[in-house]
Protein chains: 2
Amino acid sequence: MTSTLTTPDYRACMTCAGFNLRKANRAISQFYDEVFRPLGIRGTQYSLLVAVKLTAPVLLTQLADYAQMDRTTLTRNMELLVNQGLLTVSAGKDKRTRNVNITADGVELLELAYPLWQQAQAKISAGMGAERLAHFLADLSALVDVSQHS
Amino acid sequence: MTSTLTTPDYRACMTCAGFNLRKANRAISQFYDEVFRPLGIRGTQYSLLVAVKLTAPVLLTQLADYAQMDRTTLTRNMELLVNQGLLTVSAGKDKRTRNVNITADGVELLELAYPLWQQAQAKISAGMGAERLAHFLADLSALVDVSQHS
DNA sequence: GCTTAATAGGAGTATATACACATAAAAGGA
DNA sequence: TCCTTTTATGTGTATATACTCCTATTAAGC
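Quantities reported herein were computed from a predicted structural model and do not represent experimental measurements.

Residue and element names in this part refer to chain A. By the bridge criterion, 5 bridges tie strand β2 (residues 87-91) to strand β3 (residues 98-102) in an arrangement that is antiparallel. Opposite Val 89, over in β3, you have Val 100 as the bridge partner. Between β2 and β3, which pair antiparallel in sequence order, lie 6 residues.

The structure is reproduced here in structure tokens:
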């Protein structure tokens, strides 16, 4: 008999990697958003500011590769930070390209945000255990690889 | 000296649980969206249909608890499936409540989608190893607990 | 040099997500 | 019964995300 003749056991979907990853992503994103709320930024925005700080001056597409984020998503996310004066986007030599930089205000904000991030990371590390957290991060990376080579 | 006098080492943020979880979430969501694209639904929508199938008839807030999703997010996500005739939302005895159900079309679609999900899950399980995947899911759950009790 | 490819980016649209605020109905207490 | 509180839900708004289609510019072949 073929699988189309059997009734699916949908309870198996409780172990779906996508479902559980999205669930955790929602919880963790809310956690980090709350951490950074006193500074008026979200977790995503902190990560983006850090990425620019570490790579600037950087082209839009290079930054998207670095953060493994869709180029158009990055554009929309950066727009908010540009409007707040935390990032700048300027034309490069190649007239097609855009250079992304972090402003003095952006760096100043990052210096306030970093201790908050450290505390948050410390809570997670303490709660899970440092070794388990390290394994978890490696598993996340492996999962990304598997999903992109299937 | 206090931490405010030292220059932050932003490279440490490459181990940020939030950053890496969001990154993996983007990759995995794209993977599942591609899996279900032939059927015209997204990974999130498959998960939601399964959740309703497993719990129907169910109240909106109960379903939100089950999926650990914000109630208003659920409302918006369901709206799309209701418009496609895959779910129904009807008034309950208590005039405040809404009963969520899956339609015959919804069940029919699920039966086509389930084998696709099985194949996707098998790919991930084979790529990571079943045992590592099981540990990973447990870690995700632990992370959610830590983030919600901090 | 001219034509064609590849590259960098933007805009339109759609879904996923959740916070703040508002409303209606049920439950509980005096 | 009436007042207060709790509960269930909807709406407005904002961010995060990515796909499709489009334009401008550069690089590559001939």
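Turning next to the protein's contact with DNA strand D. Neighbouring DNA strand D are 26 residues, the closest being Thr44(A), Arg76(A), Gln30(B), Thr61(B) and Arg71(B). Expressed as a percentage, the sugar and phosphate content of the atoms of DNA strand D within 4 Å of the protein is 65%. The side chain of Thr72(A) places a nitrogen or oxygen atom 2.9 Å from a base nitrogen of DNA strand D. In the environment of DNA strand D, a base nitrogen lies 2.7 Å from a nitrogen or oxygen atom belonging to the side chain of Arg76(A). At 5 residues, helix α4 (residues 71-83) of chain A tops the list of elements feeding residues into the surface near DNA strand D. In terms of residue class, the surface near DNA strand D is made up of 3 nonpolar, 10 polar and 13 charged.

Our next topic: the protein's contact with DNA strand C. Inspection of the region around DNA strand C gives 26 residues, with Gln30(A), Thr61(A), Arg98(A), Thr44(B) and Arg76(B) positioned closest. Here a sugar or linking oxygen of DNA strand C sits 3.4 Å away from a polar atom, N or O, in the side chain of Arg42(B). The contact in question runs from a base nitrogen of DNA strand C to an N or O atom on the side chain of Arg76(B), over 2.7 Å. When residues of the surface near DNA strand C are traced back to their parent elements, those giving at least two are α1 (17-36), α3 (60-67) and α4 of chain A together with α2 (43-55) and α4 (71-83) of chain B. The element best represented in the surface near DNA strand C is α4(B), accounting for 5 residues.

Turning to the pattern of salt bridges, a few remarks are in order. Inspection of the entire model under this criterion finds 8 salt bridges over all chains. Here Asp139(B) ties to Arg132(A) by a salt bridge, and the two come within 2.5 Å at their closest N and O atoms. One end of the pair, Asp139(B), is in helix α6 (residues 130-148); the other, Arg132(A), is in helix α6 (residues 130-148), on a second chain. A residue is classified by how much of its surface remains accessible, and Asp139(B), at 7% relative accessible area, is buried. The class for Arg132(A) is partly exposed, based on a relative accessible area of 34%.

Helix length check: helix α2 (residues 43-55) of chain A, at 13 residues, gives a terminal C-alpha distance of 19 Å against a target of 18 Å (1.5 Å per residue), a fit within 8%. Within α2(A) the residues assigned to the buried category are Gly43(A), Gln45(A), Tyr46(A), Ser47(A), Leu48(A), Leu49(A), Val50(A), Ala51(A) and Val52(A).

Thresholds applied
- Residues numbered from 1 in each chain as written.
- Chains lettered and ligands numbered in written order.
- Predicted model: local features only at pLDDT ≥ 70, side-chain atom pairs only at ≥ 80, totals over all residues.
- Heavy atoms only, no water.
- Pairing = 2+ DSSP bridges.
- Helix = DSSP H or I, 4+ residues; strand = E, 2+ residues; numbered from the N terminus.
- Near = heavy atom within 4 Å.
- Polar contact = N/O pair within 3.5 Å; in protein donor to acceptor, adjacent residues only side chain to side chain.
- Nonpolar A, V, L, I, M, F, W, Y, C, P; charged D, E, K, R; others polar.
- Salt bridge = Lys/Arg side-chain N within 4 Å of Asp/Glu carboxyl O.
- Buried < 20%, exposed > 50% of the residue type's maximum accessible area, 1.4 Å probe, protein only.
- Expected span 1.5 Å × (residues − 1).

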